[in-house]
Amino acid sequence: MALRFFNSLTRRVEDFVPLTAGEARLYTCGPTVYNFAHIGNFRAYLFEDLLRRTLEYAGLRVIQVMNLTDVDDKTIRGARQAGVPLADYTRTYKEAFFEDLRTLAIEPAEHYPAATDHIPEMIALVRTLIDKGFANVADDGSVYFSIARFPRYGQLVNLRREQMRPTERVRSDEYVKDAAADFALWKAYSEEDGAVFWDSPWGRGRPGWHIECSAMSMRYLGRTFDIHTGGIDNMFPHHENEIAQSEAANGCRFVNYWLHCAHLMVDGEKMAKSAGNFYTLRDLIGRGGNGREIRWVLLGTHYRQPLNFSFQACRDAKAALQRLDDFVVRLREAQARSGPSDAAVAGLIADAESGFRAGLDDDLNISEALGALFNFVRDANRLLDAGGLVGEGATAALAALARIDRVLGVIEPGRQDDVPPGVAARARERQEARKARDFKRADAIREALRLDGWLIEDTPGGQRLKRL
Ligand code: AMP
Ligand code: ZN
């Protein structure tokens, strides 16, 4: 079965057919770097990571662009309040963002263009829109997109003509759904902008938020590309405006597949900076969480379903990951044992991988994919109990887990290579002792292993053995 996704534009599940065979071009709206991203933002970035890894798992080469919005109303306000130049202010949050991506094992995109490095491309695009009659220059030197000139405006969110107010103009980057109006492509300089401005044919000013994504996607992915994603709150006005700008300027289709993730919620409300109900990744790590568990929590619910954040979910993640870790340790021990494996092993492995893939292919159905994985863990553990999974059978099971983990990014069974079985068994004993809160015994085992030249590290990914 082919890879298929729910396309927000057509409101249907569709087979994914890339523009160029073997390649997927993907644009993912990135962070506004005015503060630390919260885990609601990371739900969106993790959904995009799952999408990216699923495309790769299906054998496609992915070219992903994630923009960094480092000039807009919020970044300018933040820099002013902090009393530092805009670039200094945003640098801190750019760096923090990349650190957080690493903590969550999010695969890097091919390009992370910053808006302030692409102002000439934005000016060129605004100029094209004026030349083609889709935009007007206002008296103050701002430029507005005229939605009345673009009859397909509203196609993504299904706006009706009577919901549009082409007589109004909005300067703010974010506005509400029932107020479709002409929006700013270029904002004439105002006092509040301080030292933040660029020269343009229309005078000093700065780009609007929406034009950033149109200009940068075109620069790195071409006029038409395969997939564009974001959180559902980005559909309007941001993505609707991106479509209008790009299609009006280029006269061709902008994006073939639009994918949007539902929100991360807290007590029934969207997690948001403005609502004050948010946790950053750093908050959760400060409370004893780790990147691997948070990754698991945020990935574990289908991307189109709202996900309610809770600390119970973090505890459940710990338990699920422990189960996988224990399984890996057992397989490693079994690997060293010789003898034939049960005839059922090959079938179990094949079912695990085909079930996992079938789930993901079906619009990233992660529950089905994880269901296949945990069925495998259960059945293989039974065989391990009975001594029916050893030697090459165990090696094959570990290889299958490694392939599955190219998508999940949490198991990493390759990490404990070359640990002799006796050492692995004692390390496992220590883990059991810790679980039973028998720390005296756990420490004694650790010390004995140290004398044998092995160091046990307790890492967020579980226990790890290192040769001293
Ligand atoms: P922003 O920095 O506000 O532009 O948001 C960056 C990304 O995070 C966008 O794709 C948003 O749609 C997404 N986002 C913001 N809040 C949430 C949330 N509570 N749940 C899921 N995604 C979110
Ligand atoms: Zn965007």
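Residues numbered from 1 in each chain as written. Chains lettered and ligands numbered in written order. Predicted model: local features only at pLDDT ≥ 70, side-chain atom pairs only at ≥ 80, totals over all residues. Heavy atoms only, no water.

**Comments concerning the domain arrangement of the protein chain**
Okay, step 1: Examined at the domain level, the protein chain breaks down into domain 1 (17–275), domain 2 (325–408) and domain 3 (421–467).
Okay, step 2: Using only C-alpha atoms to locate each centre, domain 1 and domain 3 end up separated by 49 Å. (Domains from an automatic or database assignment.)

**Quick word on the coordination of the zinc ion (ligand 2)**
For a metal with four tetrahedral donors the ideal donor-metal-donor angle is 109.5 degrees, whereas six octahedral donors ideally subtend 90 or 180 degrees.
Okay, step 1: Distances from the zinc ion (ligand 2) to its protein donors, Cys29 (SG), Cys213 (SG), His238 (NE2) and Glu242 (OE), fall within 2.0 to 2.8 Å.
Okay, step 2: Here the zinc ion (ligand 2) binds four donor atoms, and the angle range of 71 to 134 degrees at the metal identifies the geometry as irregular.
Okay, step 3: The exposure class of His238 is buried, given its relative accessible area of 1%. (Donors = N, O, S within 2.8 Å, 3.2 Å for Na, K, Ca; no water. Tetrahedral: all angles 85-135°; square planar, octahedral: opposite > 155°, others 65-115°. Buried < 20%, exposed > 50% of the residue type's maximum accessible area, 1.4 Å probe, protein only.)

**Some remarks on the pattern of salt bridges**
Okay, step 1: A complete count under the given rule lists 32 salt bridges for this structure.
Okay, step 2: Note that Glu14 and Arg12 form a salt bridge whose closest N and O atoms lie 3.7 Å from each other.
Okay, step 3: Taking the relative accessible area as the measure of exposure, Glu14 reaches 16% and is therefore buried.
Okay, step 4: Ionic pairing is found between Arg282 and Glu99, a salt bridge with its closest N-O pair at 3.7 Å. A residue pair is termed long-range when its members are at least 10 positions apart, and Arg282 in helix H7 (residues 281–286) and Glu99 in helix H3 (residues 86–103) qualify at 183 residues.
Okay, step 5: Residues participating in the shared-partner salt-bridge network are Arg52, Glu56, Glu107 and Glu110. (Salt bridge = Lys/Arg side-chain N within 4 Å of Asp/Glu carboxyl O. Helix = DSSP H or I, 4+ residues; strand = E, 2+ residues; numbered from the N terminus.)

**Regarding the site of ligand 1**
Okay, step 1: Of all residues adjacent to ligand 1, which total 16 residues, the nearest are Gly40, Gly231, Asp233, Leu264 and Met271.
Okay, step 2: Take Asn41: an N or O atom from its side chain is 3.1 Å from an oxygen atom of ligand 1.
Okay, step 3: A distance of 3.1 Å separates an oxygen atom of ligand 1 from a polar side-chain atom of Asn234.
Okay, step 4: Taken by itself ligand 1 offers 490 Å² of open surface, and the protein chains cover 92% of this.
Okay, step 5: Counting only elements with at least two residues in the shell around ligand 1, the list comes to helix H1 (39–57) and strand S10 (225–231).
Okay, step 6: Considering every element that reaches the shell around ligand 1, the biggest residue donor is H1, with four residues.
Okay, step 7: Split by residue class, the shell around ligand 1 holds six nonpolar, eight polar and two charged. (Near = heavy atom within 4 Å. Polar contact = N/O pair within 3.5 Å; in protein donor to acceptor, adjacent residues only side chain to side chain. Areas by Shrake-Rupley, 256 points an atom, 1.4 Å probe, with all protein chains shown as cover. Nonpolar A, V, L, I, M, F, W, Y, C, P; charged D, E, K, R; others polar.)

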